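What follows is the residue order along each chain.
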Amino acid sequence: MDEITFDDMLFHYEAKLKEASEEIQSIKKQIKKINATFDSGWSGKAAAACREKLEYVAGELAKSDNEISEAL
């Protein structure tokens, strides 16, 4: 069995962080598309509630993205 080195672990860790960052970017793009739906005329209580949740999610994604950047 091969020995697992610190460099191996670091490479794996960095790859997983980059993968997570790419997923966050993909989710941000989807949120932008949903926000475009609001701009095209969706309104009312449901739209306001959805927009509020999306703003919360976007904020959490930004925090996670910053943490990933710092870790990398």
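All values derive from a computational prediction rather than experimental measurement.

Calculation notes
- Residues numbered from 1 in each chain as written.
- Predicted model: local features only at pLDDT ≥ 70, side-chain atom pairs only at ≥ 80, totals over all residues.
- Heavy atoms only, no water.
- Helix = DSSP H or I, 4+ residues; strand = E, 2+ residues; numbered from the N terminus.
- Rg over C-alpha atoms; globule rule 2.2 N^0.38 Å.
- Buried < 20%, exposed > 50% of the residue type's maximum accessible area, 1.4 Å probe, protein only.
- Areas by Shrake-Rupley, 256 points an atom, 1.4 Å probe, with all protein chains shown as cover.
- Patch = residues over 30% accessible without salt bridge, like charges linked within 9 Å, V, L, I, M, F, W, Y side chains within 5 Å.
- Salt bridge = Lys/Arg side-chain N within 4 Å of Asp/Glu carboxyl O.
- Expected span 1.5 Å × (residues − 1).
- Contact = heavy atoms within 4.5 Å.
- Axes fitted to C-alpha atoms, helices over the stretch in contact; angles between N-to-C directions.
- Parallel < 35°, antiparallel > 145°, perpendicular 65-115°, else oblique.
- Left-handed = near helix turned anticlockwise from the far one by under 90°.
- Nonpolar A, V, L, I, M, F, W, Y, C, P; charged D, E, K, R; others polar.

Some remarks on the overall build of the chain
The helix and strand tally for the chain stands at two helices and zero strands. Expected size for 72 residues packed as a compact globule is a radius of gyration near 11 Å; at 18 Å, the chain overshoots this value by more than 25%. Taking the principal axes of the C-alpha coordinates as reference, the chain spans close to 60 × 15 × 15 Å. Looking at the 72 residues of the chain, the share that counts as buried comes to 14%. Within the structure as shown, the chain displays about 6000 Å² of accessible surface, and the carbon and sulfur contribution to it stands at 55%.

Describing a nonpolar patch on the surface
Together, Phe6, Leu10 and Tyr13 make up an exposed nonpolar region whose accessible area comes to about 330 Å². Its location among the elements puts tyrosine 13 in helix α1 (residues 6–39). Assessed through its relative accessible area of 43%, tyrosine 13 is described here as partly exposed.

Considering helix α2 (residues 45–71)
In this model, α2 (27 residues) spans 39 Å end to end at C-alpha, consistent with the 39 Å of a helix rising 1.5 Å per residue. Within the span of α2, buried status applies to Ala47, Leu54, Leu61, Asp65 and Ile68. On the buried face of α2, the contacting elements are α1.

What about the environment of leucine 54?
Looking at where leucine 54 falls in the secondary structure, it is placed in helix α2. In the structure, leucine 54 is positioned 18 residues away from leucine 72 in sequence and 26 Å away in space, judged by C-alpha atoms.

A few points about the pattern of salt bridges
Evaluated as defined, the whole model comprises two salt bridges. Ionic pairing is found between aspartate 65 and lysine 28, a salt bridge with its closest N-O pair at 3.4 Å. With aspartate 65 in helix α2 and lysine 28 in helix α1, this pair connects stretches of sequence that are 37 residues apart. Overall, aspartate 65 belongs to the buried group, its relative accessible area being 13%.

Quick notes on the packing of α1 against α2
Relative to each other, α1 and α2 sit at 155 degrees, their axes nearing to 10 Å. If you check the angle between α1 and α2, you find them roughly antiparallel. α2 is crossed by α1, and the crossing has left-handed handedness. On α2, the residues that touch Tyr13, Leu17, Ala20, Ser21, Ile24, Gln25, Ile27, Lys28, Ile31, Ile34, Asn35 and Phe38 of α1 are Ala47, Cys50, Arg51, Leu54, Val57, Ala58, Leu61, Ser64, Asp65, Ile68 and Ala71. Here the contact of α1 with α2 is built from residues that sort into 16 nonpolar, four polar and three charged.

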